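# Close look at the chain arrangement
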Amino acid sequence: MGDIRFNERAWLAWLVKVRVIIISFLVAVELAIAKLTPNNVNLRLFFTLVLVWYTISVFFILLHSVWQEYKLQAIVQIFTDLAFATGVVYVTGGIDTFFNFLYPLVIIVASILLPRYWAYLTAAVSFICFGTLLELSFFERIPSFQISPRGDLKSLQVVILVNFFAYLAVAHLASALSAKLRQAGMELRDKSGELLSLQALHENVIHSIRSGLITTDFEGRITLVNAPGQKLLERTASSVYGRHISDLFVDRLPNLESFTAQCEVRGLTPGGKEKTFDVNVTALIVPEQGTIGYVYTFEDRTELRRLEREVRMRDRLAAVGRLAAGIAHEIRNPLASISGSINVLSQISPFNEEQKTLVEIVTRESSRLNSIISDFLVYSREKSFKFSRMDLLPLLEDALVLLANRSQNNELAIVRGYAVPEAFAAVDADRIKQVFWNLLENAVRAMSGKGTITVSVRAAGDFLRVGIRDTGPGIPPNLTEKIFEPFQSNFEGGTGLGLAIVYQIVQAHGAKIYVQSQLGSGAEFILEILHAKAAEAEPESAPTPTPTPMSAEVSHG
């Protein structure tokens, strides 16, 4: 019912506008007729009638905005227009008038605004008005403005009868067409509603799937990106619409002409973060139109590939550990014999300068080899951990104080950025301090003892994130993935096992460690460890960590 009333209101507004246009047209036509043809039109009476009609139209405009009974308004306006149309026909010559078309216009309007029987009723009233007007003029009951000779009564009756059937025909045809128009409008509204529902369902399906989805035209210009796709790409829809899809990815995308329409490609987020995506492409086919573009579906494989690399690294580290456990003892015993023999020889035999240099080299290299073997044993030996709820901040402070006292270097600055007042986690205090110390020592070596070390601790959801950043030269991209493998040291005198031991300890804690680096901008090692739940123990009951002395013999990468 609301839609019908809305249509009636819209048609009434249309009628008011059309009425004003028709009245203005009548004025122009009558002025032209008055100048170009002989007539007996009383122009003063005509313009008075038109002026009143204008006034009534303005009244209808105001009435339309305040009166909600639109059907009753339509009836009033239609019969008011019949009255004024009759007045215009009378003033402009009666049977000689050029404005007899006003009656069919009113009948057509009635068939549009009102049910069919109102159209026939309007036609009947039009016939009565027109016939009455002609007969009153013929019998001289009212003044006549016609200029043609008065004919006989039968001719007049024929004219009236012809107009009667014409009005009925107009009413029938107009009402039939209006009924078809209303039916078509209702069907159109129904189809529009179904289309909107289907479109809403389509959009809900597109935006509810977990995979990212992009549609493009034949040229590769993006026409649609669903919500998961925007999240995976870290871009808004407005920022990618119209762009070529290749702008979003680093590697070449699959195409339908190749043997496979699936591949893995890399993509860069607006923040510069690199992600790995598994991308599939299919043709976008529309019935009766054929292929109109392409559909790309993609999923984020970044974390999966990282885990795969981590598993491979664990396997390599396990193999190296087994190898170390097998050969460490076999190497260490003869190495101790060699070192001891050299020391004995150096005490009982007089050597010249060249021989002394050689003895010192053998002694020094034996000591270095023994250090490597010792780190091998530390790395390969099965470790026992004693976990307790500890605050990471005091443990980190112990390592920082030890580093500051040990270096005594004015060119080394330490910046603390603690975003949390406390950082409780379930850790082995001694082992986690070894992790901090090795990372700090690596930072010092990377900067050659000169620069700034920034230590940050912040919360990241259920995790605590500890970052140690240096201002060194950075780590080459080809070494980033292998940085935690054994014997990857880039420092002179390093054993290459420090970061491998760090990784081993971190894995035992169920934590995660990774490095972010850009050449020339330093590197940051980030440790993510699960935050201890408050229900496990109250802070007051947690044991206070006991500082453990650290010596220079702690492993470094």
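This section reports on the structure supplied with the text. It should be emphasised that the depicted structure is a prediction, and the values quoted were computed from it without experimental measurement. (Residues numbered from 1 in each chain as written. Predicted model: local features only at pLDDT ≥ 70, side-chain atom pairs only at ≥ 80, totals over all residues. Heavy atoms only, no water.)

## Some points on the pattern of salt bridges
Stated formally: Just to be clear on terms, a salt bridge is a Lys or Arg side-chain nitrogen sitting within 4 Å of an Asp or Glu carboxyl oxygen. Only DSSP runs of H or I with at least four residues qualify as helices, and only runs of E with at least two residues qualify as strands; both kinds are numbered from the N terminus onward. Type-normalised accessible area, obtained with a 1.4 Å probe on protein chains alone, sets the label of each residue: buried when under 20%, exposed when over 50%, and partly exposed for intermediate values.
Evaluation of the coordinates by the stated rule reveals 15 salt bridges. For arginine 445, the salt bridge is made with glutamate 441, and the minimal N-O distance between the two is 3.9 Å. Of this pair, arginine 445 and glutamate 441 both sit in helix H12 (residues 429-446), four residues apart, which is roughly one turn of that helix. Given the relative accessible area of 28%, arginine 445 is considered partly exposed. For glutamate 524, the salt bridge identified is with arginine 469, shortest N-O distance 2.8 Å. Taken together, the residues span a long stretch of sequence, with glutamate 524 in strand E12 (residues 523-530) and arginine 469 in strand E10 (residues 463-469) at a distance of 55 residues. Judged by its relative accessible area of 8%, glutamate 524 is buried. A relative accessible area of 33% means that arginine 469 is categorised as partly exposed. Members of the salt-bridge network, linked through shared partners, are Asp251, Arg266 and Glu274.

## Side note on the nonpolar core
Side chains of nonpolar character tend, in soluble globular proteins, to be buried together. Worth spelling out the cut-off: Residue types Ala, Val, Leu, Ile, Met, Phe, Trp, Tyr and Cys, when buried and joined through side-chain atoms within 4.5 Å, form a set referred to as a nonpolar core. The contact rule is simple, with two residues in contact once any of their heavy atoms fall within 4.5 Å.
Core analysis: the biggest nonpolar cluster contains 47 residues, and Leu392 and Ile453 have the highest contact counts within it. The element contributing the most residues to this core is H12, with nine residues. Those residues in contact with leucine 392 that lie beyond four places of it in its chain are Ala423, Ala425, Val427, Phe436, Leu464, Val466 and Ile529. Within the second largest apolar cluster, 42 residues are counted, among which are Ile78, Val88, Ala119 and Phe138.

## Focus: the pairing of strand E9 (residues 451-460)
Consecutive residues of a regular strand have side chains that alternate between opposite faces of the sheet. Formally: Pairing between two strands requires that DSSP report at least two bridges joining them.
Pairing geometry for strand E7 (residues 412-418) and E9, over seven bridges, is parallel. Residue pairing for E9: isoleucine 414 is matched across the bridge by isoleucine 453. Note that E9 and E10 share seven bridges and pair antiparallel. Among the inter-strand pairings, alanine 459 is bridged to a residue of E10, identified as leucine 464.

## Some thoughts on the packing of aromatic side chains
Worth spelling out the cut-off: Side-chain rings of Phe, Tyr and Trp, where Trp is taken by its six-membered ring, are said to pair if the distance between their centres is within 6.5 Å; with planes under 30 degrees apart they count as stacked, over 60 as edge-to-face, and otherwise as tilted. By definition, being over a ring means that NZ of Lys or CZ of Arg is both within 6 Å of the ring centre and within 35 degrees of the ring normal.
Per the counting criterion, the structure on display carries 14 aromatic pairs. When the centroid spacing of 6.0 Å and the interplanar angle of 85° are considered together, the rings of phenylalanine 218 and tyrosine 294 count as edge-to-face. Here tyrosine 294 lies in strand E5 (residues 290-300) and phenylalanine 218 lies in the loop between strand E1 (212-216) and strand E2 (222-225), a separation of 76 residues in the sequence. On the basis of relative accessible area, phenylalanine 218 is assigned to the exposed category, the value being 51%. Here the aromatic rings of phenylalanine 385 and phenylalanine 387 are separated by 5.8 Å at their centres, their planes lie at 15°, and the arrangement is stacked. Among the aromatic residues, those joined into a cluster by ring pairs are Phe79, Tyr117 and Trp118. The cationic tip of arginine 389 hangs over the ring face of phenylalanine 424; the distance from NZ or CZ to the ring centre is 4.3 Å.

## A word on the packing of helix H4 (residues 102-113) against helix H6 (residues 153-208)
In plain terms, the rule: Orientation is described by axes fitted as lines to C-alpha atoms, over the contacting stretch for helices, and by angles from 0 to 180 degrees between their N-to-C directions. Throughout, the term roughly parallel applies to angles under 35 degrees, roughly antiparallel to angles over 145, roughly perpendicular to angles from 65 to 115, and oblique to all others. Crossing chirality is assigned from the near helix's rotation relative to the far helix, an anticlockwise turn below a right angle marking it left-handed and a clockwise turn marking it right-handed. Under the scheme applied here, ten amino acids are nonpolar (Ala, Val, Leu, Ile, Met, Phe, Trp, Tyr, Cys and Pro), four are charged (Asp, Glu, Lys and Arg), and all others, including Gly, are polar.
Relative to each other, H4 and H6 sit at 30°, their axes nearing to 8 Å. Viewed along their axes, H4 and H6 adopt a mutual orientation that is roughly parallel. With respect to the hand of their crossing, H4 and H6 are arranged in right-handed fashion. Taken together, the residues of H6 that come into contact with H4 (itself represented by Tyr103, Pro104, Ile107, Ile108, Ser111, Ile112 and Leu113) are Tyr167, Val170, Ala171, Ala174, Ser175, Ser178 and Arg182. Taken together, the residues that form the contact of H4 with H6 break down as ten nonpolar, three polar and one charged.

## Here we look at unusual backbone geometry
Despite not being glycine, glutamate 234 has its phi angle at roughly 60°, a positive value. Tracing the backbone shows glutamate 234 in the loop between helix H7 (227-233) and helix H8 (237-240).

## Remarks on the sheet that holds E9
Spatial ordering of the open sheet is given by E7-E9-E10-E12-E11, a layout of five strands whose pairing is mixed. Only two strands of the sheet have a single neighbouring strand rather than two, namely E7 and strand E11 (512-517). Sheet twist, expressed as the mean angle between neighbouring strand axes with direction ignored, is 15°. Lying on the sheet, helix H14 (residues 498-508) is in contact with E11 and E12; it crosses E11 at an angle near 135°.

## Focus on H14
Extensive coverage of H14 is indicated by the burial of nine of its eleven residues. Within H14, burial applies to Gly498, Leu499, Ala500, Ile501, Val502, Tyr503, Ile505, Val506 and Gln507. Immediately downstream of H14, the backbone of glycine 510 shows phi near 70°, a positive value.

## What to know about the environment of leucine 161
Positionally, leucine 161 belongs in helix H6. The spacing of leucine 161 and phenylalanine 127 is 34 residues in sequence and 8.5 Å in space, taken between C-alpha atoms.

## Things to note about helix H2 (residues 43-66)
What counts here: By definition here, a helix of n residues has an expected span of 1.5 Å times n minus one.
With 24 residues, H2 ought to run about 34 Å at 1.5 Å a step, and its terminal C-alpha atoms sit 35 Å apart, in line with that. Residues of H2 that are buried include every one of Phe46, Leu49, Val50, Trp53, Ser57, Phe60, Leu63 and His64, and no others.

## Quick look at the sheet that holds E1
In spatial order, the strands read E2-E1-E5-E4-E3; together these five strands make up an open sheet with antiparallel pairing. For this open sheet the edge positions go to E2 and strand E3 (262-268), each flanked by a neighbour on one side alone. On average, adjacent strands in this sheet sit at an angle of 30° to one another, irrespective of strand direction. Sheet analysis places E1 next to E2, joined by three bridges and oriented antiparallel.

## A look at a nonpolar patch on the surface
Convention followed: For patch building, the residue pool is restricted to those with more than 30% relative accessible area and no salt bridge; the joining distance is 9 Å between like charges and 5 Å between nonpolar side chains (Val, Leu, Ile, Met, Phe, Trp, Tyr). Surface accessibility follows the Shrake-Rupley procedure with a 1.4 Å probe radius. Residue values consider only the protein chains on display as shielding.
Among the surface-exposed residues, Phe25, Phe101, Leu105 and Ile108 lie close enough to one another that they form a single nonpolar patch of about 320 Å² accessible area. You can see phenylalanine 25 is positioned in helix H1 (residues 2-36). A residue is classified by how much of its surface remains accessible, and phenylalanine 25, at 47% relative accessible area, is partly exposed.

## What about the environment of arginine 266?
When you line up the elements, arginine 266 lands in strand E3. For arginine 266, a relative accessible area of 33% translates into the label partly exposed. Considering only alpha carbons, one finds arginine 266 and valine 279, 13 residues apart in sequence, at a separation of 9.9 Å. Contacts of arginine 266, omitting those with residues within four sequence positions, involve Phe249, Val250, Asp251, Glu274, Lys275 and Thr276.

Honestly, it's all geometry; don't read function into it.
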